[in-house]
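# Remarks on the overall topology
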Amino acid sequence: MRIYKALWLEWFKLRKRLATWGVYIGFLTLTMFVLGVPFYSARHRGAYWGFPEAWEDILTLGAPIASIFGAVLVALTVSSEFEWRTCRQNVIDGLSKDEWFLGKLLSVPGICVALYGTQIILGAVLAFLDTHPAHKAAVSYPLSTYVMTGAGALLGMSCYSLMALLISIGVRSAGPAIGLTLIYQVFDYIAARTLRGFELDGIAALLPFQVNIALLEFKQYLPQPSRALDYHWSTPNLLLAGIIWAAAFAATARWLYLRRDL
Amino acid sequence: MNVLEVQGLTKRYGEKTAVEDLSLTVQQGEVFGFLGPNGSGKTTTLGMIFGVISPTRGTVSLFRESVREALARGRVCGTLEQPNFYPYMTGRENLRVVATIKGLRKELIAPALEAVDLREPAGREVKGYSLGMKQRLALAAAMLGDPEFLILDEPTNGLDPEGMREIRELIVQLSRTGRTILFSTHLLDEVEKICTHVAILKRGRLQRSGAVAQFTCAAVTFRLRAEDTHQLFEAVTQYECARNVRAAGDAVYAELTDDRPAHLSRYLAGRGIYLKELSNQRQSLEEVFLAATAEATAEM
């Protein structure tokens, strides 16, 4: 009941906010562009961008966009509550601090599923329109490959969004929270480059955003993963790293939230 | 029955002490004014009572249970600092959020809006509300589910005189329904008009607390007038039970330690002074407040 209440509140707050729909429309526009490029370039060449080959693009081509927009949306929804002091008022009205945090925490996978789901539906519709009539097979690889890709991509997206949750609870202001979430990518990239310079490639590959990038890559989930992708860690290990980062971000965010006055 | 019990509450931010060793009780049915100048620690204290600010030391209990339990059961509600709402939602939608948190039916929202005269603008976004409308909406939100105890932090802050009067009337109406109300303010007039009890806070320390009537009657000053003010002043100064005698205009003011004005009148008549006026002047809360806060400043 408490989970239902917390989730309903988050959904109500999200759907009533114009900024949510602004972010969603921005995401939709960019996704249509990203997925439209292979669609129209195939048509331009007189070729097809359809099933089963299109699955790769559908599942991962736009996933980094969904990941970024998901994190921005999380940062926006969480930090605004501190700016408006509604986070404090919710607790005065009777919601426990843990319930409030649970609502925000559960909204992270919710937002990721919504954005990623939109992307899959949009891509699937385009691919369906362009599938060569002679094609009979819907998939080229075992179904588990696609399921793993989807799950891994969602984990990668959630991991980055949970980092946005942690940053938002830390800075409590929408602008800086979104800025820091986006700037972290640059920091992660520089740190990874530096570590690789010291031949610490294995550690570099485990940095949060490096894990996120790896998990959003279709080739990572192929029955025979491309060695060029990441030769230090196997896909299960990367998934485990993603889970550990996600849990660490969530636990730190909760600790920080409960520790500080509202 | 004690609705609120605060024991040795202290809040420190590094070296700075916001509230120090504050103990206080609020009984059922009281309209309790929490009085203090700006920055005296009122909001910090209320934040600790609500459980949104962790005390460095001390305890708070509401209805003899923990703050968390009392809030979760909806026995207490209120606001801290300015009214806090989702600006992009309408007044009605904001109350929907509150009703959901409190586990109430949404049918209760309309009567709550009606009670604070916000039924008309309830469909408009809160970001377009005036401060007075937000304060009224905050009262409606706090009243949802009929909590037994309302805590309001400076509910008339930033309002024009008309808005202040409206909020005061609402508080008086609420107190008539038997609810216990605690509200902070730095406006003495407000406390004097609507409170039964008061606590005065200065620099995080409790200076005085008790019934408003007890405060204002603690030292009764009498106003006396006679034909010859000078002669009257001389005579009253010599009266053994008179204290703090002073003349102002055509009147003489004095405090009576025996609280027997008839004896004073007889004494003056014996000296050939016949009074045109003998009336008691209750000490205003402002005088009590200024005396309490001046004492606190002197101790610093």
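A brief structural summary. (Residues numbered from 1 in each chain as written. Chains lettered and ligands numbered in written order. Predicted model: local features only at pLDDT ≥ 70, side-chain atom pairs only at ≥ 80, totals over all residues. Heavy atoms only, no water.)

### Some details on the pattern of salt bridges
It is possible for side chains of opposite charge to pair when their charged atoms get near one another. Residue and element names in this part refer to chain B. Quick reminder of the rule: By definition here, a salt bridge exists when the distance from a side-chain nitrogen of Lys or Arg to a carboxyl oxygen of Asp or Glu is within 4 Å. Buried, partly exposed and exposed residues are distinguished by accessible area as a fraction of the type maximum, computed with a 1.4 Å probe on protein chains only: under 20%, between the cut-offs, and over 50%, respectively.
One pass over the full model with this rule turns up 28 salt bridges over all chains. Between Arg 105 and Glu 107 there is a salt bridge; the shortest N-O distance is 3.9 Å. Look at Arg 105 and you get exposed, because its relative accessible area is 54%. Across the salt bridge formed by Arg 225 and Glu 277, the nearest N and O atoms sit 3.1 Å from each other.

### Some thoughts on the sheet that holds strand β13 (residues 275-281) of chain B
Residues and elements named next belong to chain B. Applicable threshold: DSSP bridges decide pairing: two strands pair if at least two such bridges lie between them. Secondary structure elements are defined from DSSP: runs of H or I of at least 4 residues count as helices, runs of E of at least 2 residues count as strands, and each element is numbered from the N terminus. To obtain an axis, a line is fitted to C-alpha atoms, over the contacting stretch when the element is a helix, and the angle between two such axes runs from 0 to 180 degrees between their N-to-C directions. When checking whether two residues touch, look at their non-hydrogen atoms; a contact exists if any pair is within 4.5 Å.
Read from one edge to the other, the open sheet built from 4 strands follows the order β11-β12-β10-β13, with strand pairing classed as antiparallel. Either end of the sheet is taken by a strand with one partner, and the two such strands are β11 (242-248) and β13. Within the sheet, the average angular offset between the axes of one strand and its neighbour, ignoring direction, is 20°. Summarising the sheet, strand β10 (residues 221-226) and β13 pair through 6 bridges and their orientation is antiparallel. By the bridge assignment for β13, Arg 225 is matched with Glu 277. Sitting on the sheet, helix α10 (residues 261-270) is in contact with β10, β12 (251-256) and β13, with an inclination near 155° to β13.

### Things to note about the sheet that holds strand β4 (residues 57-62) of chain B
Residues and elements named next belong to chain B. Strand order in the open sheet formed by 3 strands is β2-β1-β4, and the pairing between neighbours is antiparallel. In the strand order of this sheet, the two ends are held by β2 (16-27) and β4, each with one partner. Along the sheet, successive strands turn relative to each other by an average axial angle of 15°, direction set aside. Where strand β1 (residues 2-13) meets β2, 8 bridges bridge the pair, whose relative direction is antiparallel. The residue of β2 that forms the bridge with Leu 4 is Val 26. Taken strand by strand, helix α1 (residues 42-50) contacts β1, β2 and β4, and its axis lies near 120° from that of β1.

### A closer look at unusual backbone geometry
Trans peptide bonds make up most of the peptide bonds, and negative phi angles are found at most residues other than glycine. Going from A:Phe51 to A:Pro52, the amide bond is cis rather than trans, its omega being 0°. Note on placement: A:Pro52 falls in the loop between α2 (18-44) and α3 (54-61). A positive phi angle, near 65°, is found at A:Arg85, a position not held by glycine. Tracing the backbone shows A:Arg85 in the loop between α4 (63-83) and α5 (86-92). At B:Asp146, a residue that is not glycine, the phi angle is positive and equals roughly 50°. As for its position among the elements, B:Asp146 is in the loop between α5 (131-143) and β6 (149-153).

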